[in-house]
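Each chain, written out:
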Amino acid sequence: MKGAICLRAVIVAGMMITLGACADGWSTSQVSPQAAAAGRAPTPVDQIQIMEGDVTDRPYKSLGDVSVTVNKTTLFNADPTREMVNQRLRTQAAKLGADAVIQVRYGTVGISALSWGSLDGKGRAIAYEKQ
Amino acid sequence: MKSSKATTCILLLLAAGCARNAPSLPPDLSHLPAGQRLLAGDADSPEARMECAALKQEAAVNKAQIQQYEGVILSNRGHNQAVGYAAGVLFPPLLLASKNDDDAKRNLDERQAKADRIDRLSKAKGCS
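Below is a short write-up of the structure. (Residues numbered from 1 in each chain as written. Chains lettered and ligands numbered in written order. Predicted model: local features only at pLDDT ≥ 70, side-chain atom pairs only at ≥ 80, totals over all residues. Heavy atoms only, no water.)

**Thoughts on the overall build of chain B**
Basically, it comes down to this: Under the scheme used here, helices are H or I runs from DSSP no shorter than 4 residues and strands are E runs no shorter than 2 residues, and both carry numbers assigned from the N terminus. For each residue, the accessible area found with a 1.4 Å probe, counting protein chains only, is set against the maximum for its type, and the residue is called buried under 20%, exposed over 50%, and partly exposed in between. Note on contacts: a residue pair qualifies if any of its non-hydrogen atoms lie within 4.5 Å across the two residues. Exposure was quantified through the Shrake-Rupley algorithm and a 1.4 Å probe, taking into account, for residues, occlusion by the shown protein chains and nothing else.
Within chain B, the regular secondary structure consists of four helices and zero strands. Ordered by position from N to C terminus, the α and β elements of chain B give α-α-α-α. The buried share of chain B, taken over its 128 residues, is 37%. Sequence separation of 24 or more characterises 75% of the internal contacts of chain B that already satisfy a separation of 6 or more. Entry remark: accessible area of chain B is about 7,600 Å², with carbon and sulfur atoms responsible for 60%.

**A few points about the interface of chain B and chain A**
Here is the rule: Buried area: the accessible area, evaluated with a 1.4 Å probe, that two parts lose upon being put together, summed over both parts. Think of a salt bridge as a Lys or Arg side-chain nitrogen and an Asp or Glu carboxyl oxygen that are within 4 Å of each other. Pairs of N or O atoms are called polar contacts if they sit within 3.5 Å, as long as, within protein, a hydrogen donor faces a hydrogen acceptor (for residues adjacent in sequence, only side-chain-to-side-chain pairs). Residue polarity follows a fixed list, in which Ala, Val, Leu, Ile, Met, Phe, Trp, Tyr, Cys and Pro are nonpolar, Asp, Glu, Lys and Arg are charged, and the others, Gly among them, are polar.
Between chain B and chain A, the contact holds 29 residues from the first and 30 residues from the second. Carbon and sulfur atoms make up 51% of the area that chain B and chain A hide from each other, which totals about 2,600 Å². Run the count over chain B and chain A and you get four salt bridges. Among the ionic pairs, A:D79 bridges to B:R77, the shortest N-O distance being 2.8 Å. Along the contact surface separating chain B from chain A lie 17 residue pairs in polar contact (both at pLDDT 80 or more). At the level of secondary structure, the elements contributing two or more residues to the side of chain B that touches chain A comprise α1 (2-16), α2 (52-75), α3 (77-89) and α4 (102-124) of chain B. For the side of chain B that touches chain A, a count of residues per class yields 14 nonpolar, seven polar and eight charged.

**A word on the nonpolar core**
Residues and elements named next belong to chain A. Defined as follows: The term nonpolar core refers to a set of buried residues drawn from Ala, Val, Leu, Ile, Met, Phe, Trp, Tyr and Cys, joined through side-chain atoms within 4.5 Å.
Ranked by internal contacts, the top residues of the largest apolar core, which has 20 residues, are L63, V66, V85, L89, A93, L96 and A125. Counting residues per element, this core draws most heavily on helix α2 (residues 82-96), which supplies six residues. Not counting residues up to four positions away in its chain, the partners in contact with L89 are I50, V66, V68, V101, V104, G121, K122 and G123.

**A closer look at unusual backbone geometry**
For A:Q103, which is not a glycine, the phi torsion comes out positive at approximately 55 degrees. Positive phi, normally seen in glycine, also occurs at B:D101, with a value near 55 degrees. With respect to the secondary-structure elements, B:D101 resides in the loop between α3 and α4. Of the residues examined, B:D101 reaches a relative accessible area of 14% and is grouped as buried.

**Here's the deal with a nonpolar patch on the surface**
The test is simple: Think of a patch as exposed residues, more than 30% relative accessible area, with no salt bridge, where like charges cluster within 9 Å and nonpolar side chains (Val, Leu, Ile, Met, Phe, Trp, Tyr) cluster within 5 Å.
Together, A:F76, B:Y85, B:V89, B:L90, B:F91 and B:L94 line one region of the surface with nonpolar side chains, adding up to about 630 Å² of accessible area. Given a relative accessible area of 54%, B:V89 falls into the exposed group.

**Let's talk about the pairing of strand β4 (residues 100-106) of chain A**
Residues and elements named next belong to chain A. Selection criterion: Whether two strands pair comes down to DSSP finding at least two bridges between them.
The element β4 is extensively covered by neighbouring structure, given that seven of its seven residues are classed as buried. One ladder, built from two bridges, connects strand β2 (residues 49-50) with β4; its direction is parallel. Following the sheet pairing, I50 is matched in β4 by V101.

**A few points about the side chain of A:N71**
Here A:N71 is to be found in strand β3 (residues 60-71). Apart from residues lying up to four places away in sequence, A:N71 is in contact with A:G25, A:W26, A:S27, A:S112, A:S115, A:G117 and A:S118.

**What to know about the packing of α2(B) against α4(B)**
All names here are of chain B. What counts, and what does not: Each axis is a line fitted through C-alpha atoms, taken for helices only over the stretch in contact, and angles between the N-to-C directions span 0 to 180 degrees. Here is the rule for angles: anything less than 35 degrees is roughly parallel, anything more than 145 is roughly antiparallel, 65 through 115 is roughly perpendicular, and the remaining ranges are oblique. Rotating anticlockwise by less than a right angle from the far helix to the near helix defines a left-handed crossing, while the corresponding clockwise rotation defines a right-handed one.
Close contact between α2 and α4 brings their axes to 9 Å; oriented N to C, the two are set at 160 degrees. Classed by the angle they form, the pair α2 and α4 counts as roughly antiparallel. For the pair α2 and α4, the sense of crossing is left-handed. Residue-level inspection shows L55, E58, A59, N62, Q65, I66, Y69, E70, V72 and I73 of α2 in contact with α4, the latter providing A104, K105, N107, L108, R111, K114, A115, I118, L121 and S122. Considered class by class, the residues forming the contact of α2 with α4 number eleven nonpolar, four polar and five charged.

Now the structure itself:
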(Lines give C-alpha, C1' and ligand atoms only; values in the text may rest on other atoms or scores of the structure.)
Protein backbone atom coordinates (compact mmCIF):
# COMPACT_ATOMS: atom_id res chain seq x y z
CA MET A 1 0.00 0.00 0.00
CA LYS A 2 2.74 2.39 1.05
CA GLY A 3 4.74 1.45 -2.07
CA ALA A 4 1.80 2.23 -4.34
CA ILE A 5 1.34 5.67 -2.77
CA CYS A 6 5.04 6.37 -3.16
CA LEU A 7 4.94 5.29 -6.80
CA ARG A 8 1.96 7.57 -7.45
CA ALA A 9 3.75 10.48 -5.80
CA VAL A 10 6.83 9.90 -7.96
CA ILE A 11 4.69 9.73 -11.13
CA VAL A 12 2.80 12.93 -10.23
CA ALA A 13 6.06 14.75 -9.41
CA GLY A 14 7.57 13.55 -12.68
CA MET A 15 4.55 14.77 -14.65
CA MET A 16 4.65 18.16 -12.92
CA ILE A 17 8.33 18.58 -13.71
CA THR A 18 7.81 17.50 -17.33
CA LEU A 19 4.80 19.76 -17.87
CA GLY A 20 6.46 22.61 -15.97
CA ALA A 21 9.42 22.51 -18.33
CA CYS A 22 7.06 23.27 -21.23
CA ALA A 23 5.57 26.34 -19.59
CA ASP A 24 6.78 29.89 -20.19
CA GLY A 25 6.34 30.72 -16.51
CA TRP A 26 3.50 32.57 -14.87
CA SER A 27 3.20 36.24 -14.16
CA THR A 28 1.34 38.82 -12.15
CA SER A 29 0.82 42.47 -12.98
CA GLN A 30 -0.41 45.66 -11.42
CA VAL A 31 -1.56 48.81 -13.17
CA SER A 32 -2.41 52.15 -11.58
CA PRO A 33 -4.02 53.97 -14.51
CA GLN A 34 -4.65 57.68 -14.33
CA ALA A 35 -7.78 59.32 -15.66
CA ALA A 36 -6.00 59.99 -18.96
CA ALA A 37 -6.00 56.26 -19.69
CA ALA A 38 -9.77 55.89 -19.51
CA GLY A 39 -11.50 55.14 -22.76
CA ARG A 40 -8.36 54.87 -24.90
CA ALA A 41 -8.34 52.19 -27.56
CA PRO A 42 -5.77 49.41 -26.99
CA THR A 43 -2.48 49.68 -28.91
CA PRO A 44 -0.91 46.75 -30.79
CA VAL A 45 1.53 45.17 -28.32
CA ASP A 46 4.48 45.05 -30.74
CA GLN A 47 4.30 48.82 -31.36
CA ILE A 48 5.01 49.78 -27.76
CA GLN A 49 8.48 51.17 -27.10
CA ILE A 50 10.40 50.28 -23.95
CA MET A 51 12.75 52.99 -22.64
CA GLU A 52 14.86 53.19 -19.50
CA GLY A 53 14.88 57.01 -19.35
CA ASP A 54 12.40 59.87 -19.75
CA VAL A 55 11.20 61.34 -23.04
CA THR A 56 11.77 65.08 -23.43
CA ASP A 57 11.72 65.61 -27.18
CA ARG A 58 8.00 64.91 -27.56
CA PRO A 59 5.09 65.94 -25.34
CA TYR A 60 3.27 63.04 -23.76
CA LYS A 61 0.59 62.17 -21.25
CA SER A 62 1.22 59.69 -18.43
CA LEU A 63 -1.40 56.95 -18.45
CA GLY A 64 -0.31 55.08 -15.34
CA ASP A 65 2.42 53.08 -13.66
CA VAL A 66 2.71 49.46 -14.63
CA SER A 67 4.51 46.73 -12.70
CA VAL A 68 4.82 43.07 -13.59
CA THR A 69 6.43 40.00 -12.09
CA VAL A 70 7.47 36.96 -14.11
CA ASN A 71 7.95 33.69 -12.26
CA LYS A 72 9.35 30.37 -13.34
CA THR A 73 7.08 27.42 -12.84
CA THR A 74 9.47 24.87 -11.36
CA LEU A 75 13.05 24.69 -10.15
CA PHE A 76 13.97 23.15 -13.51
CA ASN A 77 12.70 25.97 -15.74
CA ALA A 78 15.05 28.65 -17.02
CA ASP A 79 15.14 31.90 -15.04
CA PRO A 80 12.84 34.68 -16.27
CA THR A 81 14.57 37.30 -18.43
CA ARG A 82 14.24 41.07 -18.90
CA GLU A 83 12.80 40.44 -22.35
CA MET A 84 9.99 38.45 -20.73
CA VAL A 85 9.38 41.34 -18.32
CA ASN A 86 9.39 43.82 -21.23
CA GLN A 87 6.84 41.71 -23.08
CA ARG A 88 4.53 41.69 -20.04
CA LEU A 89 4.98 45.46 -19.62
CA ARG A 90 4.06 45.96 -23.29
CA THR A 91 0.96 43.80 -22.85
CA GLN A 92 -0.23 45.80 -19.84
CA ALA A 93 0.59 49.16 -21.46
CA ALA A 94 -1.23 48.12 -24.64
CA LYS A 95 -4.43 47.69 -22.64
CA LEU A 96 -4.15 51.35 -21.56
CA GLY A 97 -3.67 52.53 -25.15
CA ALA A 98 -0.04 53.57 -24.52
CA ASP A 99 2.64 54.30 -27.11
CA ALA A 100 5.61 53.59 -24.84
CA VAL A 101 6.71 52.52 -21.38
CA ILE A 102 9.35 54.86 -19.98
CA GLN A 103 11.58 54.86 -16.87
CA VAL A 104 11.68 51.06 -17.04
CA ARG A 105 13.65 49.35 -14.28
CA TYR A 106 14.12 45.78 -13.20
CA GLY A 107 14.68 43.78 -10.04
CA THR A 108 17.07 40.85 -9.91
CA VAL A 109 16.09 37.21 -10.22
CA GLY A 110 15.80 35.36 -6.95
CA ILE A 111 13.69 33.00 -4.92
CA SER A 112 10.42 34.52 -3.79
CA ALA A 113 7.70 33.23 -1.49
CA LEU A 114 5.82 31.63 -4.38
CA SER A 115 8.50 30.90 -6.95
CA TRP A 116 11.95 29.42 -7.43
CA GLY A 117 12.80 32.32 -9.71
CA SER A 118 11.04 35.64 -9.80
CA LEU A 119 11.88 38.83 -11.74
CA ASP A 120 9.90 42.03 -11.61
CA GLY A 121 9.91 45.21 -13.65
CA LYS A 122 8.21 48.59 -13.48
CA GLY A 123 7.59 51.43 -15.87
CA ARG A 124 5.30 54.36 -16.71
CA ALA A 125 2.90 53.94 -19.60
CA ILE A 126 2.66 57.07 -21.74
CA ALA A 127 0.85 58.23 -24.86
CA TYR A 128 2.41 60.83 -27.17
CA GLU A 129 0.36 63.91 -27.76
CA LYS A 130 -0.50 64.64 -31.36
CA GLN A 131 1.43 67.63 -32.65
CA MET B 1 0.97 21.84 14.40
CA LYS B 2 1.15 25.54 15.22
CA SER B 3 4.93 25.48 15.34
CA SER B 4 5.18 23.83 11.91
CA LYS B 5 2.97 26.58 10.44
CA ALA B 6 5.15 29.21 12.09
CA THR B 7 8.28 27.53 10.72
CA THR B 8 6.78 27.49 7.22
CA CYS B 9 5.93 31.20 7.48
CA ILE B 10 9.43 32.09 8.69
CA LEU B 11 10.99 30.05 5.88
CA LEU B 12 8.77 31.72 3.30
CA LEU B 13 9.74 35.13 4.66
CA LEU B 14 13.42 34.22 4.53
CA ALA B 15 13.03 32.96 0.99
CA ALA B 16 11.14 36.11 0.01
CA GLY B 17 14.27 38.11 0.77
CA CYS B 18 16.23 36.50 -2.03
CA ALA B 19 14.63 38.30 -4.99
CA ARG B 20 15.28 42.03 -5.29
CA ASN B 21 12.32 44.14 -6.31
CA ALA B 22 12.65 46.77 -9.01
CA PRO B 23 13.30 50.22 -7.49
CA SER B 24 10.41 52.66 -7.23
CA LEU B 25 9.60 54.87 -10.19
CA PRO B 26 10.64 58.53 -9.93
CA PRO B 27 7.87 61.14 -9.63
CA ASP B 28 6.02 62.03 -12.80
CA LEU B 29 7.41 65.39 -13.95
CA SER B 30 5.83 65.35 -17.41
CA HIS B 31 3.71 68.44 -16.62
CA LEU B 32 6.94 70.51 -16.53
CA PRO B 33 8.92 71.75 -19.54
CA ALA B 34 11.86 69.48 -20.47
CA GLY B 35 14.48 71.86 -19.02
CA GLN B 36 12.79 71.97 -15.61
CA ARG B 37 12.19 68.29 -14.93
CA LEU B 38 14.44 68.10 -11.88
CA LEU B 39 13.89 66.93 -8.31
CA ALA B 40 14.75 68.94 -5.20
CA GLY B 41 18.24 67.50 -4.59
CA ASP B 42 19.33 67.31 -8.23
CA ALA B 43 20.77 70.84 -8.43
CA ASP B 44 22.98 70.23 -5.37
CA SER B 45 24.34 66.86 -6.55
CA PRO B 46 27.92 66.47 -7.82
CA GLU B 47 26.53 65.56 -11.25
CA ALA B 48 24.79 68.95 -11.55
CA ARG B 49 28.19 70.63 -12.03
CA MET B 50 29.17 68.31 -14.89
CA GLU B 51 29.08 69.16 -18.57
CA CYS B 52 27.38 66.87 -21.08
CA ALA B 53 30.52 64.85 -21.90
CA ALA B 54 31.27 64.24 -18.22
CA LEU B 55 27.65 63.25 -17.58
CA LYS B 56 27.84 60.76 -20.42
CA GLN B 57 31.03 59.32 -18.96
CA GLU B 58 29.49 59.17 -15.47
CA ALA B 59 26.45 57.36 -16.89
CA ALA B 60 28.73 54.77 -18.51
CA VAL B 61 30.66 54.22 -15.26
CA ASN B 62 27.39 53.91 -13.34
CA LYS B 63 26.07 51.36 -15.83
CA ALA B 64 29.26 49.30 -15.53
CA GLN B 65 28.88 49.31 -11.74
CA ILE B 66 25.26 48.17 -12.07
CA GLN B 67 26.40 45.25 -14.23
CA GLN B 68 29.10 44.41 -11.70
CA TYR B 69 26.61 44.23 -8.80
CA GLU B 70 24.15 42.26 -10.90
CA GLY B 71 26.99 39.84 -11.64
CA VAL B 72 27.59 39.36 -7.91
CA ILE B 73 23.93 38.44 -7.37
CA LEU B 74 23.87 36.22 -10.45
CA SER B 75 26.98 34.35 -9.32
CA ASN B 76 25.20 33.34 -6.11
CA ARG B 77 22.02 32.28 -7.90
CA GLY B 78 23.03 28.63 -8.37
CA HIS B 79 24.11 28.37 -4.75
CA ASN B 80 20.83 29.86 -3.51
CA GLN B 81 18.73 27.56 -5.68
CA ALA B 82 20.64 24.51 -4.48
CA VAL B 83 20.31 25.62 -0.85
CA GLY B 84 16.60 26.35 -1.33
CA TYR B 85 16.00 22.94 -2.87
CA ALA B 86 17.98 21.09 -0.20
CA ALA B 87 16.20 23.08 2.51
CA GLY B 88 12.79 22.28 1.05
CA VAL B 89 13.46 18.58 0.62
CA LEU B 90 15.92 17.70 3.38
CA PHE B 91 16.51 20.17 6.15
CA PRO B 92 14.66 23.54 6.28
CA PRO B 93 17.24 25.38 8.48
CA LEU B 94 19.67 25.02 5.54
CA LEU B 95 17.88 28.03 4.10
CA LEU B 96 19.94 30.14 6.48
CA ALA B 97 22.95 29.30 4.30
CA SER B 98 21.51 31.21 1.33
CA LYS B 99 23.36 34.37 0.32
CA ASN B 100 21.05 37.35 0.38
CA ASP B 101 23.51 39.82 -1.24
CA ASP B 102 22.15 42.74 0.77
CA ASP B 103 25.12 45.00 -0.03
CA ALA B 104 24.86 44.41 -3.77
CA LYS B 105 21.10 45.00 -3.68
CA ARG B 106 21.48 48.25 -1.75
CA ASN B 107 24.22 49.40 -4.13
CA LEU B 108 22.02 48.58 -7.11
CA ASP B 109 19.18 50.70 -5.73
CA GLU B 110 21.61 53.59 -5.17
CA ARG B 111 23.00 53.25 -8.72
CA GLN B 112 19.47 53.25 -10.15
CA ALA B 113 18.72 56.52 -8.30
CA LYS B 114 21.96 57.94 -9.70
CA ALA B 115 21.09 56.79 -13.22
CA ASP B 116 17.71 58.54 -12.91
CA ARG B 117 19.41 61.73 -11.69
CA ILE B 118 21.96 61.70 -14.52
CA ASP B 119 19.14 61.16 -17.03
CA ARG B 120 17.17 64.12 -15.63
CA LEU B 121 20.22 66.41 -15.58
CA SER B 122 21.33 65.39 -19.09
CA LYS B 123 17.92 66.12 -20.51
CA ALA B 124 17.54 69.36 -18.56
CA LYS B 125 20.88 70.50 -20.02
CA GLY B 126 19.82 69.45 -23.50
CA CYS B 127 22.62 66.87 -23.89
CA SER B 128 22.21 64.57 -26.88
